[in-house]
Amino acid sequence: MNDVLSRRRFLRQSLGWSALAFAPSLASAKNGPATDRDAAHALIVGDWGWLDNASKEDLRGGVSYAAQSQVAQGMRRYASRHSLRTNALFLLGDNWYGDLPDGAKSERWVRQFEKMYPADVFAGPAYAMLGNHDYQMLPATVNKVEAELEYAKSGRGLDGKPTRWTMPERWYTFDFPSHNPLMHCIVLDSNMPAANGRWQHNENFMLKPEEQAEQLRWFEAQLQKPRSAPFLVVMGHHPVYSNGPHGDHAVLVKEWDPLFKKHKVDLYMAGHDHDMQVLHFEDHPTTHFLSGGGGADLYVLKVDDVQRGPYAQEVHGFSHLSVTKHELQLRHLDTDGRFLFGIGKTPEGKLRVLEA
């Protein structure tokens, strides 16, 4: 395992890097999101489909999703304040906690997706992936994975309008933005079977071992394809490395991380731990960016960012990605859209800390 960068050492090195001669268009980073007209923007939220009371009775009556609503309102204020026109939303999994009554016909789609993140505020596709809470039979007659795939395939929301919900398969690729892409994105299903091969337990289930193997072959094949976009990005619900209570994921460290190194993946984005993190390892091409503060109950960090970082915080919030051909910028924001931490990364792998 390569040496980890402590927060203090990362900041010292990255602040040194920031003195390098970057493109002039990047100078705006210290005053908020890049305003370069060539930049593409996405807002990012993970672990968002939360219900404070997840009983069947609450789902059919008055439900509470206060934290999700607060984060969504903060996203709206942030977009308005910065005159931000998004090219997409990235939804990092755990889309539906608790029961999803009637599956793809559940009224939760309207309240907690279509209206929560309206198209007139957040334009572009909503690229979604599957988390562990999506891999549930809740209620017992509903397979939430199939419901999410069905909702995407229908192309139309329950509000009668075209839906931006995008999940063509359990694992898939897309270019961002779709025209003159700056990132090639690979979305993976990180719901791995147990070490003994077990893939089902009560209402919870996961990939079967043969599906795990199939996806890995597919992933390797995708990485071997030629690409023209400046950045290569991989997304999955579970973090490969995390300072949160779930810790590092042994299977993903073994199967995915060597491929990240071999093919020089620039960025891996995940949720699952209910907090916000940025982890970078010395002599490793991949920056690990975790955004899991979209509405679920917060987790207590297991490792402080002074020990392994450069950043980790238990806080509700969302994230902002802006990218040009010169630099990929990533910012964590709280529920009011206030800046928490950000980094910039060039196609050559040079990192710097962004100022508020």
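Residues numbered from 1 in each chain as written. Predicted model: local features only at pLDDT ≥ 70, side-chain atom pairs only at ≥ 80, totals over all residues. Heavy atoms only, no water.

## Thoughts on the pairing of strand β6 (residues 183–187)
Turning to step 1, where the next piece is worked out: Across the five residues that make up β6, a large majority, five, are buried.
Turning to step 2, where the next piece is worked out: Side chains of β6 alternate between two faces, with M183, C185 and V187 and H184 and I186 buried alike.
Turning to step 3, where the next piece is worked out: Of the strand pairs in this sheet, strand β5 (residues 172–176) and β6 are connected by five bridges, and their pairing is antiparallel. Each bridged residue has a counterpart across the sheet, and for D175 the counterpart in β6 is H184.
Turning to step 4, where the next piece is worked out: In sequence, β5 turns back onto β6 through a hairpin of six residues, with N180 there showing a positive phi of about 50 degrees.
Turning to step 5, where the next piece is worked out: Direction of pairing for β6 relative to strand β9 (residues 231–235): parallel, over a ladder of five bridges. Looking across to β9, one finds that M183 is bridged to F231. (Buried < 20%, exposed > 50% of the residue type's maximum accessible area, 1.4 Å probe, protein only. Helix = DSSP H or I, 4+ residues; strand = E, 2+ residues; numbered from the N terminus. Pairing = 2+ DSSP bridges.)

## Quick word on the sheet that holds β6
Across a sheet, paired strands are connected by hydrogen bonds in the backbone, their directions being either parallel or antiparallel.
Turning to step 1, where the next piece is worked out: If you trace the seven strands from one edge of the open sheet to the other, you get β5-β6-β9-β10-β12-β11-β13, paired in mixed fashion. Of all strands in the sheet, those bounded by a partner on one side alone are β5 and β13 (310–313). Pairs of neighbouring strands in the sheet enclose a mean axial angle of 20 degrees, with direction left out of account.
Turning to step 2, where the next piece is worked out: Running at roughly 175 degrees to β6, helix α6 (residues 209–223) makes contact with β5, β6 and β9 of the sheet. (Axes fitted to C-alpha atoms, helices over the stretch in contact; angles between N-to-C directions. Contact = heavy atoms within 4.5 Å.)

## Digging into the environment of V240
Turning to step 1, where the next piece is worked out: Take V240: it is sitting in the loop between β9 and α7 (250–255).
Turning to step 2, where the next piece is worked out: Exposure remark for V240: the relative accessible area of 0% places this residue in the buried category.
Turning to step 3, where the next piece is worked out: Remark: the alpha-carbon pair of V240 and V253, spanning 13 residues in sequence, is separated by 5.8 Å.
Turning to step 4, where the next piece is worked out: Ignoring sequence-local partners within four residues, the contact set of V240 consists of D248, H249, L252, V253, W256, D257, F260, Y268 and H288.

## Quick word on the packing of aromatic side chains
Turning to step 1, where the next piece is worked out: Taken as a whole, this structure holds 24 aromatic pairs when the rule is applied.
Turning to step 2, where the next piece is worked out: Relative to F176, the ring of F90 has its centre 5.4 Å away and its plane inclined at 70 degrees; by these criteria the two rings are edge-to-face. Within this pair, whereas F90 is found in strand β2 (residues 88–91), its partner F176 is found in strand β5, the two being separated by 86 residues in sequence. For the pair shown, F90 and F176 are each scored as buried.
Turning to step 3, where the next piece is worked out: Ring geometry for W96 and W109: centres 5.0 Å apart, planes at 70 degrees, overall edge-to-face. Taken together, the residues span a long stretch of sequence, with W96 in the loop between β2 and α4 (108–114) and W109 in helix α4 at a distance of 13 residues. (Phe/Tyr/Trp six-rings, centres within 6.5 Å; stacked < 30°, edge-to-face > 60°.)

## Topic: the nonpolar core
The nonpolar side chains of a soluble globular protein tend to be buried with one another.
Turning to step 1, where the next piece is worked out: Residues F90, W165, F176, M183, W256, M269 and L321 are the most contacted members of the largest nonpolar core, which totals 86 residues.
Turning to step 2, where the next piece is worked out: Once residues lying within four places of it in the same chain are set aside, the contact partners of M183 are F90, F174, D175, F176, A229, F231, V233, L321, V323 and L328. (Core = buried A, V, L, I, M, F, W, Y, C linked by side-chain atoms within 4.5 Å.)

## Considerations on the side chain of H284
Turning to step 1, where the next piece is worked out: Among the secondary structure elements, H284 is positioned in the loop between β11 (276–280) and β12 (287–291).
Turning to step 2, where the next piece is worked out: By relative accessible area, which is 5% here, H284 ends up buried.
Turning to step 3, where the next piece is worked out: Polar side-chain contacts of H284 include one of 2.9 Å to the side chain of D257. (Polar contact = N/O pair within 3.5 Å; in protein donor to acceptor, adjacent residues only side chain to side chain.)

## Remarks on the environment of L89
Turning to step 1, where the next piece is worked out: Take L89: it is sitting in strand β2.
Turning to step 2, where the next piece is worked out: For L89, a relative accessible area of 1% puts it in the buried group.
Turning to step 3, where the next piece is worked out: For the pair L89 and P125, spaced 36 residues apart in sequence, the C-alpha separation works out to 6.3 Å.
Turning to step 4, where the next piece is worked out: What L89 contacts, discounting residues up to four positions off in sequence, is L43, M75, Y117, F122, P125, A126, Y127 and R164.

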